[in-house]
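Take a look at the letters that make up each chain.
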Amino acid sequence: DWPYAFLVRAFTERDELDKALEYAARAVEAWPENREFRQLHAETLIFRGQTKPGLGAYARLYPNDAELRKESELLMDQLKVQPGDGRTLLLLGVLFQLRGHPDMASMYFTKAHDNGQRRAMAWRARAASQIPDAAGAAKAANAYLSEFPSDFATDEMRALLKELQ
């Protein structure tokens, strides 16, 4: 089963997120009890900018506040070692989003974007819409759509913009 994890990570590193998701889904289908594969699947959705499926997958991995807090602490420790790691910043933002802190999540999504996670803009739009900061959410959603006119979260961002009107 290890080749699946290797392939998911390799394709994620290369920003070939459609292939990463394909192998993550295959791994979860073949070994549904394997938490690492479910984690890789959730992270791939998150890296793709797909906020609703990404939040759902992470919520299933971390179903209560104690687990969310523990994972947040682990990611904070990772940031001490690699302070500008965009992926860690993005995942931390998702955890804050799940914990009901969209303002903190938005801050981490901005940092993730500034550190190379371009699809973090979709996440920032979602968080800003929950603060509520309709203008900030629309700005982030439009920035995502400008950079990714037909990408993984394009339909989700268009729907968000309609909700904001």
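We now turn to the structure provided with this report. (Residues numbered from 1 in each chain as written. Predicted model: local features only at pLDDT ≥ 70, side-chain atom pairs only at ≥ 80, totals over all residues. Heavy atoms only, no water.)

1. A short note on helix H9 (residues 134–147)
With 14 residues, H9 should reach 20 Å at 1.5 Å per residue; the first-to-last C-alpha distance of 20 Å fits that figure. All of the buried residues along H9 are Ala137, Ala140, Ala141, Tyr144 and Leu145. Buried residues of H9, viewed axially, fall in a sector of 135°; they line one side. Away from the buried face of H9 by more than 90 degrees, exposed residues Ala135, Lys139 and Ser146 are located. Buried residues along H9 sit against helix H8 (120–130) and helix H10 (154–164). (Helix = DSSP H or I, 4+ residues; strand = E, 2+ residues; numbered from the N terminus. Expected span 1.5 Å × (residues − 1). Buried < 20%, exposed > 50% of the residue type's maximum accessible area, 1.4 Å probe, protein only. Arc of directions from axis to C-beta. Contact = heavy atoms within 4.5 Å.)

2. Let's talk about the layout of surface pockets
The volume enclosed by the largest pocket comes to roughly 400 Å³. What lines the largest pocket is a set of 18 residues, and nearest its centre among them are Arg9, Leu40, Glu43, Phe47 and Leu91. Sorting the residues of the lining of the largest pocket by element identifies helix H1 (2–13), helix H3 (35–47), helix H5 (65–81) and helix H6 (86–98) as the ones contributing at least two each. With 6 residues, H3 is the single largest residue contributor to the lining of the largest pocket. For the lining of the largest pocket, the per-class residue count stands at 5 nonpolar, 6 polar and 7 charged. (1 Å grid on protein atoms, 1.4 Å probe; cavity = no way out; pocket = protein on both sides within 12 Å on 5 of 7 lines; lining within 4 Å. Points joined across faces, edges and corners; volume = space filled by probe spheres on them. Nonpolar A, V, L, I, M, F, W, Y, C, P; charged D, E, K, R; others polar.)

3. Topic: the environment of Leu21
Residue position: Leu21 is located in helix H2 (residues 17–30). Distance in space between the C-alpha atoms of Leu21 and His41 is 6.4 Å, their sequence separation being 20 residues. Excluding residues within four positions of it along the chain, Leu21 makes contact with His41, Thr44, Leu45 and Arg48.

4. Structural notes on the packing of aromatic side chains
Following the criterion strictly, the structure yields 8 aromatic pairs and no others. Each ring, one from Tyr4 and one from Trp31, has its centre 5.5 Å from the other, and the planes form 65°; the classification is edge-to-face. Separated by 27 residues along the polypeptide, Tyr4 in helix H1 and Trp31 in the loop between H2 and H3 bring together distant segments of the chain. Judged by its relative accessible area of 26%, Trp31 is partly exposed. Taken together, Tyr4, Phe11, Tyr23, Trp31 and Phe37 form an aromatic cluster joined through their ring pairs. Geometry around Phe47 places Arg87 over its ring, the cationic atom sitting 5.4 Å from the centre. (Phe/Tyr/Trp six-rings, centres within 6.5 Å; stacked < 30°, edge-to-face > 60°. Lys NZ or Arg CZ within 6 Å of the ring centre and 35° of its normal.)

5. Quick look at the environment of Gly136
Locating Gly136 in the fold gives a position in helix H9. By relative accessible area, Gly136 is classed as partly exposed at 23%. Residues Gly136 and Arg124, spaced 12 residues apart in sequence, show a C-alpha to C-alpha distance of 8.5 Å.

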